[in-house]
Amino acid sequence: MSLLEPALDPVPAAAPARPLTPQREALLRALDARTPGHSLPAPLYTDPDLHQAELELLWQRQWVFVGTSAEVPEPGDYVTLDIGRASVMVLRDDDEQVRAFHNVCRHRGARLVTEDKGSVGNIVCGYHRWTYSTDGRLVHAPQLGPDIDPACLSLLSVHVREIEGLLFVCLAADPPDDVEDVARVIAPYFAPHHLGSAKVAAQIDLVEDGNWKLTMENNRECYHCDGHPDLLCTFFQTWGLAEHQVPDRMRASHERFLLADAELAQRCAAQGLPYPTISDLVDRPLGFRVERSPMDAAGESFSRDGTRLVQRTLGDVDGFRMGRLGLHAQPNLWLHVCADHAVTFAVFPVGVDKTLVRTTWLVDADAVEGVDYDVDALTEVWRHTNEEDAAFVALAQRGVSDPAYVPGPYTETEAQVDAFVSWYAARIREEIVR
Amino acid sequence: MSLLEPALDPVPAAAPARPLTPQREALLRALDARTPGHSLPAPLYTDPDLHQAELELLWQRQWVFVGTSAEVPEPGDYVTLDIGRASVMVLRDDDEQVRAFHNVCRHRGARLVTEDKGSVGNIVCGYHRWTYSTDGRLVHAPQLGPDIDPACLSLLSVHVREIEGLLFVCLAADPPDDVEDVARVIAPYFAPHHLGSAKVAAQIDLVEDGNWKLTMENNRECYHCDGHPDLLCTFFQTWGLAEHQVPDRMRASHERFLLADAELAQRCAAQGLPYPTISDLVDRPLGFRVERSPMDAAGESFSRDGTRLVQRTLGDVDGFRMGRLGLHAQPNLWLHVCADHAVTFAVFPVGVDKTLVRTTWLVDADAVEGVDYDVDALTEVWRHTNEEDAAFVALAQRGVSDPAYVPGPYTETEAQVDAFVSWYAARIREEIVR
Amino acid sequence: MSLLEPALDPVPAAAPARPLTPQREALLRALDARTPGHSLPAPLYTDPDLHQAELELLWQRQWVFVGTSAEVPEPGDYVTLDIGRASVMVLRDDDEQVRAFHNVCRHRGARLVTEDKGSVGNIVCGYHRWTYSTDGRLVHAPQLGPDIDPACLSLLSVHVREIEGLLFVCLAADPPDDVEDVARVIAPYFAPHHLGSAKVAAQIDLVEDGNWKLTMENNRECYHCDGHPDLLCTFFQTWGLAEHQVPDRMRASHERFLLADAELAQRCAAQGLPYPTISDLVDRPLGFRVERSPMDAAGESFSRDGTRLVQRTLGDVDGFRMGRLGLHAQPNLWLHVCADHAVTFAVFPVGVDKTLVRTTWLVDADAVEGVDYDVDALTEVWRHTNEEDAAFVALAQRGVSDPAYVPGPYTETEAQVDAFVSWYAARIREEIVR
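Our subject in this report is the structure included herewith.

Procedures and definitions
Residues numbered from 1 in each chain as written. Chains lettered and ligands numbered in written order. Predicted model: local features only at pLDDT ≥ 70, side-chain atom pairs only at ≥ 80, totals over all residues. Heavy atoms only, no water. Helix = DSSP H or I, 4+ residues; strand = E, 2+ residues; numbered from the N terminus. Buried < 20%, exposed > 50% of the residue type's maximum accessible area, 1.4 Å probe, protein only. Contact = heavy atoms within 4.5 Å. Areas by Shrake-Rupley, 256 points an atom, 1.4 Å probe, with all protein chains shown as cover. Pairing = 2+ DSSP bridges. Least-squares fit on C-alpha atoms with pLDDT ≥ 70 in both. Buried area = accessible area lost by both parts, 1.4 Å probe. Salt bridge = Lys/Arg side-chain N within 4 Å of Asp/Glu carboxyl O. Polar contact = N/O pair within 3.5 Å; in protein donor to acceptor, adjacent residues only side chain to side chain. Nonpolar A, V, L, I, M, F, W, Y, C, P; charged D, E, K, R; others polar. Axes fitted to C-alpha atoms, helices over the stretch in contact; angles between N-to-C directions. Parallel < 35°, antiparallel > 145°, perpendicular 65-115°, else oblique. Core = buried A, V, L, I, M, F, W, Y, C linked by side-chain atoms within 4.5 Å.

Let us look at the overall build of chain A. Scanning chain A from N- to C-terminus turns up 8 helices and 17 strands. Principal-axis analysis of the C-alpha atoms places the extent of chain A at approximately 80 × 65 × 45 Å. Burial statistics for chain A: of 434 residues in total, 59% are counted as buried. For chain A, the proportion of contacts with a sequence separation of at least 24, taken over those separated by at least 6, is 66%. Of the accessible surface of chain A, which amounts to about 17,100 Å², a share of 52% is contributed by carbon and sulfur atoms.

Residues and elements named next belong to chain B. Reading across the sheet, the 3 strands line up as 6-7-8 and stay open at both edges, with antiparallel pairing between neighbours. Edge positions in the open sheet fall to strand 6 (123-124) and strand 8 (138-140), since each of these has one partner strand only. Here strand 7 (residues 131-132) pairs with strand 8 via 2 bridges, running antiparallel. Its bridge partner being in strand 8, Thr131 is matched across the sheet by His140.

This brings us to the environment of Ser154(C). All names here are of chain C. Counting through the fold element by element, Ser154 comes out in the loop between strand 8 (138-140) and strand 9 (157-163). Since its relative accessible area comes to 22%, Ser154 is described here as partly exposed. In this structure the C-alpha to C-alpha distance between Ser154 and Arg137, which are 17 residues apart in sequence, comes to 4.5 Å. Setting aside its immediate chain neighbours within four residues, Ser154 contacts Arg106, Tyr132, Gly136, Arg137 and Leu138.

All right, on to the relation of the copies chain B and chain A then. When chain B is fitted to chain A, the residual RMSD is 0.0 Å, and the transformation amounts to a turn of 120 degrees plus an axial shift of 0.0 Å. Such a combination of turn and shift is consistent with a three-fold rotation axis. Taking C-alpha positions as reference, the residue of chain B nearest the rotation axis is Pro22(B), located at 7.3 Å.

On to the interface of chain B and chain A, then. Taken together, the contact pairs 32 residues of chain B with 26 residues of chain A. Approximately 2,400 Å² of surface area, both sides summed, lies buried where chain B meets chain A, with 57% of it carried by carbon and sulfur atoms. For chain B, the biggest contributors to the area lost against chain A are Tyr223(B), Leu395(B) and Pro409(B); these three give 24% of the whole. Note that Arg108(A) is salt-bridged to Glu414(B), the shortest N-O span being 2.6 Å. Our count for the contact surface shared by chain B and chain A stands at 14 residue pairs in polar contact (both at pLDDT 80 or more). Of all the elements in the fold, those that place two or more residues in the side of chain B that touches chain A are helix 5 (212-219) and helix 7 (375-400) of chain B. Tallying contributions element by element places helix 7 of chain B first for the side of chain B that touches chain A, with 6 residues. Across the side of chain B that touches chain A, the residue classes tally to 16 nonpolar, 10 polar and 6 charged.

What follows covers the packing of helix 3 (residues 48-59) of chain B against helix 8 (residues 415-432) of chain B. Residues and elements named next belong to chain B. Viewed as axis vectors pointing N to C, helix 3 and helix 8 meet at an angle of 85 degrees, and their least axial separation amounts to 9 Å. It follows from the interaxial angle that helix 3 and helix 8 lie roughly perpendicular. Here helix 3 contributes Glu54, Leu57 and Leu58 to the contact with helix 8, which in turn contributes Trp423, Tyr424, Arg427, Ile428, Glu431 and Ile432. A class-by-class count of the residues in the contact of helix 3 with helix 8 yields 6 nonpolar, no polar and 3 charged.

This part takes up the interface of chain C and chain A. Listed as interface residues are 26 residues of chain C and, on the opposing side, 32 residues of chain A. Interface area for chain C against chain A, summed over the two sides, is near 2,400 Å², with a carbon-plus-sulfur share of 57%. Looking only at chain C, the three residues that lose the most surface to chain A are Arg108(C), Tyr127(C) and Gln143(C), adding up to 34% of its buried area. One can count 3 salt bridges joining chain C with chain A.

Here the bond from Gln330(A) into Pro331(A) is cis, since omega is 20 degrees, no more than 30 degrees from zero. Mapped onto the elements, Pro331(A) comes out in the loop between strand 14 (324-329) and strand 15 (333-337). Of note, Glu164(B) is a non-glycine position whose phi angle comes to about 50 degrees, a positive value. Along the polypeptide, Glu164(B) turns up in the loop between strand 9 (157-163) and strand 10 (166-170). Under the relative-accessibility criterion, Glu164(B) is labelled partly exposed at 36%. Residue His194(C) is not a glycine yet carries a positive backbone phi of 55 degrees.

This part is about the sheet that holds strand 12 (residues 278-280) of chain B. All names here are of chain B. Taken in spatial order, the 7 strands make up an open sheet running 11-17-16-15-14-13-12, and their pairing is antiparallel. Both edges of this open sheet fall to strand 11 (199-208) and strand 12, since each of them pairs with a single strand only. Strand-to-strand twist across the sheet, computed as the mean angle between neighbouring axes with direction ignored, equals 15 degrees. Strand direction decides the pairing type here: strand 13 (residues 288-293) and strand 14 (residues 324-329), joined by 6 bridges, are antiparallel. Following the sheet pairing, Arg292 is matched in strand 14 by Leu325. Set on the sheet, helix 4 (residues 179-190) makes contact with strand 12, strand 13, strand 14 and strand 15 (333-337); between it and strand 13 the angle comes to about 20 degrees.

What follows covers the pattern of salt bridges. Residues and elements named next belong to chain B. As enumerated under the stated definition, the model contains 86 salt bridges over all chains in all. Arg434 is the partner of Asp174 in a salt bridge, and the nearest nitrogen-oxygen pair spans 3.6 Å. Placement of the pair is Asp174 in the loop between strand 10 and helix 4 and Arg434 in the segment after helix 8, with a sequence separation of 260 residues. On the basis of relative accessibility, which here comes to 45%, the residue Asp174 falls in the partly exposed class.

With that out of the way, let us pick up the nonpolar core. In this structure, Trp130(A), Val90(B), Phe190(B), Phe302(B), Leu327(B) and Tyr424(B) are the most contacted members of the largest nonpolar core, which totals 126 residues. At 9 residues, helix 7 of chain B tops the list of elements feeding residues into this core. The residues contacting Phe190(B), other than those within four sequence positions of it, are Glu164(B), Leu166(B), Leu195(B), Val290(B), Leu325(B), Leu327(B), Leu335(B) and Val337(B). If you look at the next biggest cluster of nonpolar residues, it comprises 125 residues, including Leu50(C), Ala100(C), Val169(C) and Leu362(C).

Spelled out as structure tokens, the structure:
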């Protein structure tokens, strides 16, 4: 080729990346500033713009736990949940299918239902009485002009997936499909416990004064468990530690754990219940950890002496000394299933520094309040523990908001916290370039 | 001209547009995203930056209704109003002229008067006692240096225009002059009712949890009037509908309307009162609609049976069965004048999602409370109706704030809502390029 | 050097200025818009972004008054202060040294102490029990991994400087060194008064609804003192005026001042107390004014008749008729020392339109409450005066937030206000280019 000939581009230029919004660029810069093994840079906990970008890039794209099918037992029953500024209505339709819709009228956008839960025949907008059937079709809209097709004005639906009574929704048009893989793995653990046919014994909403990630991080370690005297009656404080990490002062407790663990493994084997911990926290969209674990003292339930709180078993288990089946799923779920009851924790961001924790206690559908269980006693340990955790999260939020905050190192006991923030960083990075 | 000659620009290039601020550009983009015949895109109801741009481009440029001259009957009487963050003081000066000033001291900017209404001799700043006469001149400022000219420190005045007792202000340096055209058209409708010499019987401020446009839109249709049981005792629900749009279930009411309308037209003709509806909502700065309309039941006033609420007529009308004279003016006024009283509604933005609705009831200056009227009875229907409307507006604000909100189609009954948003879009577009 | 030789840069190119953040550029633009001799442009009082930039450029770089050593008399005693979003813990360590730390745990950033004041043995984080000695070293952190060096995890320290019992901190890594010059000048004024060994008789926090600069400006003039009837019992209203500026109505008071001033000068000379006013408000980082001044009536203290409020002298003075020693230091301090007590005022920004004023009354350490003094009586005049000032500041904040606000001229009596805003502008300009 002579110098006089016009040059042709030898290779096509790379497709230009779409320019990021300033918010997303700031989010990426904050992630770039992260040191692995350390807590996150401050803006990820405190900046309202980054929080907004996170709502779009994570909460509107991942599978989010919203409750259990026990909360919508009958056709027309619904619950509503706020995921950021999005309100989602989860209801059982007239064909007994669980569906989810955006809680917004297709006319001029009024909020459709304003209660946290309830029951409806049709879904009727309170403003101009537009009426939708439980499958979302617009069935009544007075004086609609001739050029407006009601068929185009159905409620906007939201993906919903039930796994053994656990309900997840995804606001994305194209949800991550790994929910199916996760379902295959965890369903055998949950099937015997019949969460889908349980009933709600109690539900408490608590708003914590901190970013939702601090709430999740706090849940992923027992390094702070000295602050949970009630919980420690039955919860082994060495949870999450490798053998060599167990400190001397916990040695006696750990010996009890080892014995109880071996015994529980046997009991599960005898009943055909899967036992091994499966943990896949970082690399998949629906990062999760499922585990069975013994409990201390009587080993049955979250009471102070470890004895049962409900006099009927929940599901198909043999005896009450079954420890707990635990599930952690990212971004927003943890739960425990004992032989007598289950307790689920769902986390929803309310603002950059406000987080809703909804705790729900499930018991066998035939258990009778006042006879088989007492609500105060059933809920006591986790009510106390939640309040203590809320105080910890508030302390953390106040500190990371200080200009002098420098991300600090996780200790050996905080490996799952590190896994959670690594999952978070990976998900944001994946989604930001889509 | 040969091809070799250098080309001259044959026409001068268009003057380069000033670059828009990011806020104004975002406002324009939101307007560009609007589908005619549909509710507005979400950011126009929810984005604080767009709200700020709107305050500058609309509320600080258009004529805004602030009350009636009945509220400032005597020299020194004043009312203050917040238009966004601007506080305007409307007062009657010592020469009985109504004037308006920015409620800000010329010294170091202190707020001058802090009450909603009151009466003053001079206007005295509470901070350092700078004193202004009622025509705005600085008449006392102790220890002012010799190089400071008090004549340059008069209060900053605001344009004010009275139309038959209705007071409008404009914050712009060069107000739109179509207020004169509007005055010419509507003055003959209002002159007989003597609003200028009425007295205030009651005034109620209500803050709605919604954007001010939702408040105005809500007022422009009776599609939601099933939610106003009290109002429907006298207000024909077919208001705003063309003959062919009247639904079957309203047919009986509509027959009553047709009879009452014909009768009222005759009564007005007999008294020389103009009757035809004049509507010019979209194309002019001070978009308006003036109309006379019969009322249902006894046809006299906003009571449950339609009978008068005040035992004296307001102004120069013959008998009480005069239906109502209605005026809607954009951006922020609607009102009704019955034979016995008038009720005005002024709308002021408090924030992007907060709106003040000030409702004022006017009666004849010689009417005696407790004798000629009872305040509770006089205000009941509109108190209830306002509360109902506030709930509708709050529903709408919550829904349009949801990321899933999609602007929906107006029905045939919502033509005036469409006119209002079209007016809004046109005004913003006009002003944004000035 | 031939033209063919590669050129060497003959002089180093000027270091390219770092581009300013948009916030800092906006701050600079607002300062550019300032007219000398006038109040500041509105955004400097109202814009949250500019406030944030100001926190970084002024409050995190200048010496800030935080209290007196009387507030931390014993080892382990501490107070915490919020400077913007930074919380600073000032404590006396085990070696009786006053130290200051950022109140943030080095682990995951939790707030360390949450009380305004208290006493500790070690500093223990409430989250995971990380424990620091009073000199800031991390002395206990369970299960810290082997690759984490506790020596690198001491509390982040803050510079602290005590001048005769007055405590100043500086959040900058390299504090302005003129604090030493100021200390040399003012220490002789304060030494006789023994503030360092006083005790706290009362402390009151008041949050004013205005920008902190309005709080400081308000303090720098007595032009508004007609609004302080209690204070004027003893405070000469002509404070800050030159002889020719004294208005006729204050002539009688001024004659009393001149006599009292001459007498006080003599008394001070007799006791070897420095008397001349020294004012260096604009040109140095720690702008200050120190002065002795007589008080009206009995001339002893801030009571209504000017008589002493405490029956013991504070420090080494001869008799009670000592008027007041005043200090103003920028950005955030003013104080008065009478023979019987001292009262200090510390100003901290809470938000762009919220400011904390902390008032502290100090008396001799051996004075006994109920015997030597009554707290209500001791604090009365300044409690009233502070409330009045808070109302003035709120009026000013409301007005400068109005789009119609135009900076107005300072009168002859407001020279020190002008000095303060000039200092402010100079400091920001200096720091913005560093």
